[in-house]
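Okay, here's what each chain looks like letter by letter:
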Amino acid sequence: MIDSNILNLGILAHVDAGKTTLSESLLYTTGTIRKAGRVDHGDAFLDTFDIEKKRGITIFSKQARMEAFGREITLLDTPGHVDFSPEMERTLGVLDAAILVISAADGVGAQVRTLWKLLEHYGVPAFIFVNKMDQPGADMERLEAELRDEFGSNLVNVQKGTDDPEVAENIAVCDDELMERYLETEELTDEDISRLVAARRLFPMLFGSALKMEGVEELLSMVCRYIPAGRYPDEFGARVYKIMRGEEGERLALLKVTGGSLNVRDSITTADNEGNPFESKIAEIRLYSGGKYKLVTTAPAGTVCAVLGLPYVRAGEGLGGDLGKVTELIEPILNCRIILTDDADPYKVWQYLTLLQEEEPGLSVSRMEDSGDIYVRVMGTVQKEIIKNLMNERYGVAIDFGEGQIVYKETIDAPVEGVGHFEPLRHYAEVHLMLEPTGPGSGLSFAMDCPRDLLALNWQRLIMTHLAEKKHRGVLTGAEITDMRITVIGGKAHLKHTEGGDFRQATYRAVRQGLMMAGSILLEPYYRYEIDLPRNNLGRAMSDLQQMYATISSPVIEGDRASITGSLPAACLGDYAETLRGYTSGEGRMECQLSGYEPCHNAEEIIRDKGYDPELDEANPCYSVFCSHGAGTPIPWNMVRSMMHVDTGWRPAGEIRDGEGTGDDAHGGDNAILSEYTGSDIRSFTGSAGERIEEELTFSERRKRIDAANDELKAIFERTYGPIKERSRQEDRVVNVAERKEPGISDPKYAAKAEEARRRRQGRKADSYLLIDGYNVLFASPELKALAERDINGARDKLMDILSNYQGYCRETLILVFDAYKVKGGQEHVYHYHNLCVIYTKEAETADQYIEKASGRLQHEYNVTVASSDSIEQVIIMGKGAVRLPAADFWKLVSDTEQTIRDEHLIKNETRLHNYVIKEGDLES
């Protein structure tokens, strides 16, 4: 183990509590700065950005370095405004201790309660500093009683010093064992106090004025005295808590070394944006203090530093021996559409916002494929203004925000195993995941519980990377999932054919398949509120809250004032605080604090309005891909369990497989029959979507239900589609995906979608499509490639002539796609060249992107083949269920077809000539 003398000390507070003033006073007290700056004067040492000086608030967390009482201290100043709470929360993960600043004038408010909850969640030892005690009306005894009532008796006023008998006794009361020893010896050591502070069983509380330097030195002395030196493992580890840009625009990763040491030119293995292993080399290590920094060659354990040379790491990510990702508690609940000016380039704006997202991951930038609209998540109005300012200053782009929409989430009601298989030709991966609900506010966590002899550790870690690299979507509305633990419990790889991207596809499919099997619950954000108002207006307030689906506590009435507390959906809050002030003539006050996510009060309405179909979401597929006859074959989510190559032993309640249960050989067959028709395990379901009642069935009851289900489903099928007849393999696949799903589980529109699918199949004109990557195929032909070097337009026309002839002979419908992504302002253009469909893509869209999108849409209804030699595109289109055709094989097919046409034409001419000769002979005779 390594002992470290470094102390990483954070300062937290609600807005305007004097947090930055305290930071300046600490720096001045230690001699780090010659003059303490002030926020209102715009000369604070830690407010280094112009936008912070203009607004007079801290927006970005920053560091300052100082030495005091024999300790090397890194002071981390965090934002106090609620809109920047995520920035503050990310800093908590690297702190050794924190000072919670509370304004004597404001007392305990909603933001202070949030900060206390976060300190508890991250296990950070804390000291309380009640600031602004120099203001009129500040009462130490009243504030002490208020804080102890709010946060517990472990808050001890140490203003008189820990040697004071009364203070020592109050400290000893915090621990039973220590109390017994204190009663015997009346002695309290520094080690005793340090142990209690580190275990968060004691929270020393001091009072003073940061502006007048009162109580500041005593506070710093107590922190250095009672926060023990850190101990770290010998193995290198680090935790990234922030991404920022340097003065030259360079990407910097701010991290804390949590083990060993970090040196310049060290190689660190991370994952790139595709999830593949990437070896990064440390180029610089910077120790920032305010707006300046110094370069060092080594950062020992405990150091908080900025590192240049880690291009792919994200905030919250662990390095070396400190793997895993931290789940944040505070998340934006508003989703806003970005409004652009007429001359703005949407693609560039999306790129710029994605760069900002590296610094503020909570933005969750997304773009709608159908409309091209860009959405970001924000905390509130102030953050919107900051984002607008940053976009204008950094990139010269003016943006605005549309009306915010509530961000919903989804979770599950019971454990379930999700399975995913990805096996196109020459690819292989299988993943088994256990999805378990973990309770409100727990977030999303990942774990490994898979034997290494079943799946090698490197593949398990790769699965963990893929689980953490994206926000997984639920199956009710496509909202992000939360409050569950996903554990790797099984999997399989192939010695020759498995690649990193295969496990990504299998992992994503395993998550979605598990969600499709589970009972899902729609969640919405809730606020915890506190209303203080005149007694005469209490009835109006309670009536309004009931209409907003709020919970209401018993009113507390003191004289002519009344107060009520409770919780209510964020979607119902609106601007009620303004309404309250209006009908109380300015005497009413409402404080709200985000309490977390709870079941949605109008889930059915939201699900209906969203109209989300999980089986049509190609970005989040729920089916698996198996290899059949040399091609990737999609298998619906409700049929894949029986086809998996690994059996982890997990069974849904009521499921019986071959050789299990009573031992009757017919069980496995019966289960297969019922699953074939219903697409579900042997269960009895009642109620609406998400409400399942499982009944254990005897074998005789199961046999009766199987027979009844077979007869009923056959009758429904024949009424809908007519007598059963032979169908093509592609029609079977469409029926499996769109129609065999049991109605009432998660698809309330079963009958309507089945009828629509039937009409689409009856009305379609083609059974197969061949999508051709124009330039890829063109340059695969030596003749056309040579022509293109002289005349690209001529080569393109020649290709269209060849394909037009080929279209007249082949059975597929050909779609020829050319890149036009470099054509500024170009729009997607479709036209017909004789009998051939030709498409030019729009600006910023490649032929690969268009083909991937088109194949994903068409493969639900038709057989789709893609002609291209792009290896990445081949993997993607195979994952979407299409068949790949390399460019060389395509030209061989075209050449063979042309030869066949010539041979048939020659035979026809010879036959025609032969008939003509015979007729001439008849005439002569």
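The sections below set out a description of the structure shown in this document. The structure presented is a predicted model; accordingly, all values stated were derived computationally and were not measured. (Residues numbered from 1 in each chain as written. Predicted model: local features only at pLDDT ≥ 70, side-chain atom pairs only at ≥ 80, totals over all residues. Heavy atoms only, no water.)

## Quick look at the overall build of the chain
Thinking step 1. Secondary structure summary: the chain contains 27 helices and 43 strands in total.
Thinking step 2. Buried positions account for 50% of the 925 residues belonging to the chain.
Thinking step 3. The contacts of the chain with a sequence gap of at least 6 include a subset with a gap of at least 24, amounting to 69%.
Thinking step 4. By element, 49% of the accessible surface of the chain is carried by carbon and sulfur atoms, the whole surface being about 43600 Å². (Helix = DSSP H or I, 4+ residues; strand = E, 2+ residues; numbered from the N terminus. Buried < 20%, exposed > 50% of the residue type's maximum accessible area, 1.4 Å probe, protein only. Contact = heavy atoms within 4.5 Å. Areas by Shrake-Rupley, 256 points an atom, 1.4 Å probe, with all protein chains shown as cover.)

## A look at unusual backbone geometry
Thinking step 1. Even without being a glycine, Met213 presents a positive backbone phi close to 60°.
Thinking step 2. The class of Met213 is partly exposed, set by a relative accessible area of 31%.
Thinking step 3. In this structure, Ser585 takes a positive phi of about 55° despite not being glycine.
Thinking step 4. Tracing the backbone shows Ser585 in the loop between α16 (576–583) and β35 (589–599).

## Side note on helix α5 (residues 140–151)
Thinking step 1. Taking 1.5 Å as the rise per residue, α5 with twelve residues should run 16 Å; its terminal C-alpha atoms sit 16 Å apart, in good agreement.
Thinking step 2. Buried residues along α5 sit against β5 (97–103), α4 (110–122), β6 (126–131), β7 (155–157) and β8 (203–207).
Thinking step 3. With a side-chain oxygen positioned 3.1 Å from the backbone nitrogen of Glu141, the residue opening α5 is Asp139.
Thinking step 4. Count one or two residues on from α5 and you reach Gly152, which has phi positive near 115°. (Expected span 1.5 Å × (residues − 1). Polar contact = N/O pair within 3.5 Å; in protein donor to acceptor, adjacent residues only side chain to side chain.)

## Here we look at the sheet that holds strand β19 (residues 318–320)
Thinking step 1. Read from one edge of the open sheet, six strands run β16-β15-β18-β11-β10-β19, paired in antiparallel fashion. Taken across any chain shown, the strands that pair with only one partner, and hence form the sheet edges, are β16 (292–296) and β19. Going across the sheet, the axis of each strand differs from the next one's by a mean of 40°, ignoring polarity.
Thinking step 2. The pairing of strand β11 (residues 251–259) with strand β18 (residues 304–308) spans five bridges and is classified as antiparallel. Bridging across to β18, Leu254 finds its partner in Ala306. (Pairing = 2+ DSSP bridges. Axes fitted to C-alpha atoms, helices over the stretch in contact; angles between N-to-C directions.)

## Brief notes about the pattern of salt bridges
Oppositely charged side chains can pair when the atoms bearing their charge come close.
Thinking step 1. Counting across every chain of the model gives 32 salt bridges.
Thinking step 2. Here Arg142 and Glu146 are joined by a salt bridge, their closest N and O atoms 3.8 Å apart. Here the residue Arg142 and the residue Glu146 both occupy positions in helix α5, the gap between them amounting to four residues, near one helical turn.
Thinking step 3. Given a relative accessible area of 41%, Arg142 falls into the partly exposed group.
Thinking step 4. Salt-bridge contacts for Arg394 lead to Glu359; the nearest nitrogen and oxygen are separated by 2.5 Å. (Salt bridge = Lys/Arg side-chain N within 4 Å of Asp/Glu carboxyl O.)

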